Amino acid sequence: MATYDAIIIGTGQAGPPLARRMAGLGMQVAIIERGRFGGTCINTGCTPTKTLVASAYAAHVARRGADYGFSAGDVKVDMKRVKARKDHVVGLSNRGVERSLRNQENCRVFEAHARFVSPREVQAGSEVLTSDRIFVNVGARAAAPDIPGLDQVDYLTNSSMVEIDFLPRHLLVLGGSYIGLEFGQMYRRFGSAVSIVERGPRLCSREDEDVSAAITDILAREGITVVPGAKCLRVSKQGDDIVMTVDCAGTSELRGSHLLVATGRRPNTDDLGLDRAGVQRDGRGYIVVDDELRTSVPGIWALGDCNGKGAFTHTSWNDYEIVAANLFDGESRRVSDRIPAHALYTDPPLGRVGMTEADVRKSGRPALIGKLAMENVSRAFEKGETEGFMKILVDAESKQILGASFLGTSGDEAIHCVLDTMYAKAPYTLLQRAMHIHPTVAEFIPTMLDDLVPLPSSVAG
């Protein structure tokens, strides 16, 4: 039995930097990976999808050549070349993670399925490792909903979708949130007919209604069929078609050649032997952690998607930062200190931080709101990409920013001006004092703040 100063299970976003940090301090570290190095982000999430989004965007702009004064002719997408480009980008990142770990002094890599033997022992293949510090970073995978007939048809998930090298004739997308919308728009731009089916009343249900409506309009203008409020869903195979019945009367059907299921994720915690370690999970399988990411068992931490504290690469990386700061830097960092932030990488993208307008209304606090259409932003107008809007919410008493939603070109980048101001706990007037570069999207944030008005149904102080 080999003893280590730390055992790390999984090589997603939190695991490798933690291994490098600890090994760099002279600690003996074992890191275990059962699949591809780099986790979801590099292999089936951010890296492949954003690479595909870039290809789809290029095809879209080429088709709009007349708007910019040129003609690209008949734009045809070669999906084998698109996939080859994606594979190249993913391979660079994947191999980079593996190489950095294998070359790291004081770090031993195990390619095996890790299972707990006890609270201090982990089996990796034929070897049993022991440590007083164990970090679980095993991520999550696509979850399939309980829909009649789904188990009788072949369907795609985010993992298998990034591996196809052909163009679906008609792609049916089940799920109107981040994964479904990104794939739906990109494949429409590649040339597929696309229908997006959402069981809820609208797309992107976590966003404000005006954001949801704008995204729906953007997709519809590109020829995507959007079906919200789908009830009594059923799936069947009829000849070469996959058929989705989307109403309880059975009278409304969608027919497609392929089906992408994008309805949520489930943590990879069901085959780790967590019961033998005594590590508590919640009803959905997520590992229960405290505000410093410690599990119910002293000496065991859970980081990344498997702890239910976030489902993004940046939250996983922040988990690493929290654990490392608390263990090695003498700091006291907590999950509750971070401000929620995420992006939707449709075109145009959505960047969001903090509270939504609905959240603020529900809180009952006096607030101010500013909103600016992207068609009034000179940078967007110059690029010919004027869809969307920016919205910001401010506490009327403290003058601190409560949240913002930027749906528009560069919205996923400009939003960081707001996010950084929020972390500084500075009043919104700080952004008004800054001299921003022209022409940019971010320079119009002060313009929006100049025109704040009381949020309806709240009383401004």
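Remember, predicted model here, so these are calculated numbers, not experimental data.

Chemist: Explain the packing of aromatic side chains to me, please; I cannot follow it from the model alone.
Modeler: Aromatic rings in a pair are described by how distant their centres are and how their planes are angled relative to each other. Tallying each qualifying case throughout the model produces five aromatic pairs. A centroid spacing of 4.7 Å and a plane angle of 20° characterise the contact between F135 and W301, whose relative ring orientation is stacked. Of the two residues, F135 is situated in strand β8 (residues 134-136) and W301 in strand β18 (residues 300-302); the sequence distance between them amounts to 166 residues. Accessibility assignment for this pair places F135 and W301 in one class, buried. Ring centres of W317 and Y320 lie 5.2 Å apart, and the angle between their planes is 65°; on these two criteria the pair is classed as edge-to-face. Of this pair, W317 and Y320 are both found in helix α10 (residues 313-328), three residues apart, which corresponds to roughly one turn of the helix. A relative accessible area of 34% places W317 in the partly exposed class. What makes Y320 buried here is its relative accessible area of 12%. K371 extends its terminal NZ or CZ atom over the ring of F389, reaching a point 4.3 Å from the ring centre.

Chemist: I would appreciate a short explanation of the state of the cysteines in the present structure.
Modeler: In a disulfide, the sulfur atoms of two cysteines are held together by a covalent bond. Here the structure, examined in full by the defined rule, presents one disulfide. The disulfide that involves C232 links it to C248, with 1.9 Å between the sulfurs. With the S-S dihedral at roughly 70°, the linkage between C232 and C248 falls on the right-handed side. Residue C232 is found in the loop between β12 (225-227) and β13 (234-238), and its partner C248 is found in the loop between β14 (241-245) and β15 (253-256); the two are separated by 16 residues along the sequence. Residue C232 is classed as partly exposed on the basis of its relative accessible area, which comes to 40%. No disulfide involves C46; its sulfur sits 3.2 Å from that of C41, the nearest cysteine.

Chemist: Quick question: what am I supposed to make of the sheet that holds β13 here?
Modeler: Reading across the sheet, the three strands line up as β13-β14-β15 and stay open at both edges, with antiparallel pairing between neighbours. The sheet terminates laterally at β13 and β15, the two strands that pair on one side only. With direction set aside, neighbouring strand axes in the sheet form an average angle of 25°. One ladder, built from five bridges, connects β13 with β14; its direction is antiparallel. Each residue of the ladder has a partner; that of S236, found in β14, is V243.

Chemist: Whenever I open this one, the environment of I31 confuses me. Can you help?
Modeler: By secondary structure assignment, the location of I31 is in strand β3 (residues 29-33). For the pair I31 and A14, spaced 17 residues apart in the sequence, the C-alpha separation amounts to 12 Å. If near-sequence neighbours (up to four positions away) are discounted, I31 is found in contact with I8, G10, T11, G15, P16, A19, L101, C107, R108, V109 and F110.

The rules behind these values
- Residues numbered from 1 in each chain as written.
- Predicted model: local features only at pLDDT ≥ 70, side-chain atom pairs only at ≥ 80, totals over all residues.
- Heavy atoms only, no water.
- Phe/Tyr/Trp six-rings, centres within 6.5 Å; stacked < 30°, edge-to-face > 60°.
- Helix = DSSP H or I, 4+ residues; strand = E, 2+ residues; numbered from the N terminus.
- Buried < 20%, exposed > 50% of the residue type's maximum accessible area, 1.4 Å probe, protein only.
- Lys NZ or Arg CZ within 6 Å of the ring centre and 35° of its normal.
- Disulfide = S-S within 2.5 Å.
- Pairing = 2+ DSSP bridges.
- Axes fitted to C-alpha atoms, helices over the stretch in contact; angles between N-to-C directions.
- Contact = heavy atoms within 4.5 Å.

Don't take any of this as a statement about function, it's just geometry.
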